[in-house]
Amino acid sequence: MTALLWAGNAVAGRWAPGHVSPQAITSLRWGVVCVVLGLLARRRIAADWSGIRGHWRLVLLMGGLGYTAFNSLFYAAGTYTSAINLALFQGSIPVLVILLNYALYRTAVTPGQVVGVLVTLVGATVAATHGDWHVLATLDFNRGDVLVFIACLLYAGYTLALPHRPAISGLTFFAAMALMAFLTSLPLLAVEAAAGRLIWPGAQGWAIVVFVALGPSLAAQLFFMRGVELIGPNRAGLFVNLVPIFGAGLAVLAGEPFGINEALALALVLGGIFCAERLGRGATPAIAEPAAPRDRRTP
């Protein structure tokens, strides 16, 4: 569900230009999330809020870097680099999760996880290149490629930090991160406005903002947090490679063709996840034990 909603976010991103500018949609999406959470879950959040005070630095880093910085860098990268490069680098997130997990926590990587990562990465590459392997020989790395790589690195770090959240409900922790994401996005919004690139949304722009706020921002992030808690960052990270596959499927619903390359990419990604899930069951815990016990309630 997380990957499907994130794929929907990519489709919405294609419709956004001309209707709402990148920093405007970043600020507004988190603003809408904060309002919705404040209206629907204010009692739960208020009851748990005291548990956030001692962890505000972690919340600031995860919300500011994992949400605001990732989205801002990803949007900015699209100005300089190709869509193919963006898709290829996004497929590196599972690899970065496993490498960082090993570097920081010496978490063992099972053969099944290695096979799963490699197979899903090949599948994501097939999806990104549409089966034209000559594209890989002509990649021209520029500042956009550097920006999107940094963005993916930040999100991999965010994924590893999730199991170390305070011993409060996932809903309250997410609300705190959403608030930090909104606040840290405001300076970037001011820069966009000062540069004369701000586009405030009209009717269609607001429809896009509401969708990305309630779907990819609210529901998907809660699903992702819960998924990481249940199966660990190494296994959860593999599912990121479903985003380009689901994106292709949504494009088909919009009238684009679905050919042999898309079918091959889908088979590879699903096969890689199956390998990691079935062959990697003997893995050690995906991350070191958190400093304090977590609240096991569903977000």
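What you are looking at is a predicted structure, and each value in this text was computed from that prediction instead of being measured.

## Remarks on the nonpolar core
So, point 1. Residues Val-33, Leu-37, Tyr-158, Phe-173, Phe-174 and Met-177 are the most contacted members of the largest nonpolar core, which totals 72 residues.
So, point 2. It is helix H10 (residues 203-238) that provides the largest number of residues to this core, a total of twelve residues.
So, point 3. Excluding its chain neighbours within four sequence positions, the residues that come into contact with Val-33 are Phe-174, Ala-178, Ala-213, Ser-217 and Leu-218.

## Observations regarding the packing of aromatic side chains
So, point 1. One pass over the full model with this rule turns up nine aromatic pairs.
So, point 2. Ring geometry for Phe-70 against Tyr-155: centres 5.0 Å apart, planes inclined by 55 degrees, an arrangement best described as tilted. One end of the pair, Phe-70, is in helix H4 (residues 56-80); the other, Tyr-155, is in helix H8 (residues 143-161), with 85 residues separating them in the sequence.
So, point 3. Sitting over the ring of Tyr-102, Arg-106 keeps its end group 5.2 Å from the ring centre.

## Thoughts on unusual backbone geometry
So, point 1. Not every positive phi belongs to a glycine, and Arg-106 is a case in point at roughly 55 degrees.
So, point 2. Summarising the element assignment, Arg-106 is placed in the loop between helix H6 (93-105) and helix H7 (111-129).
So, point 3. A relative accessible area of 57% means that Arg-106 is categorised as exposed.

## Some details on the packing of helix H2 (residues 22-40) against helix H9 (residues 170-194)
So, point 1. Relative orientation of the contacting elements H2 and H9 amounts to 150 degrees, with a least axis distance of 8 Å. Taken together, the axes of H2 and H9 lie roughly antiparallel to each other. The crossing of H2 and H9 is left-handed. Touching Pro-22, Gln-23, Ala-24, Thr-26, Ser-27, Trp-30, Gly-31, Val-33, Cys-34 and Leu-37 of H2 are Leu-171, Phe-174, Ala-175, Ala-178, Leu-179, Ala-181, Phe-182, Ser-185, Leu-186, Leu-188, Leu-189 and Glu-192, all from H9.
So, point 2. A breakdown of the residues in the contact of H2 with H9 according to their chemical character gives 16 nonpolar, five polar and one charged.

What counts and what doesn't
- Residues numbered from 1 in each chain as written.
- Predicted model: local features only at pLDDT ≥ 70, side-chain atom pairs only at ≥ 80, totals over all residues.
- Heavy atoms only, no water.
- Core = buried A, V, L, I, M, F, W, Y, C linked by side-chain atoms within 4.5 Å.
- Buried < 20%, exposed > 50% of the residue type's maximum accessible area, 1.4 Å probe, protein only.
- Helix = DSSP H or I, 4+ residues; strand = E, 2+ residues; numbered from the N terminus.
- Contact = heavy atoms within 4.5 Å.
- Phe/Tyr/Trp six-rings, centres within 6.5 Å; stacked < 30°, edge-to-face > 60°.
- Lys NZ or Arg CZ within 6 Å of the ring centre and 35° of its normal.
- Axes fitted to C-alpha atoms, helices over the stretch in contact; angles between N-to-C directions.
- Parallel < 35°, antiparallel > 145°, perpendicular 65-115°, else oblique.
- Left-handed = near helix turned anticlockwise from the far one by under 90°.
- Nonpolar A, V, L, I, M, F, W, Y, C, P; charged D, E, K, R; others polar.

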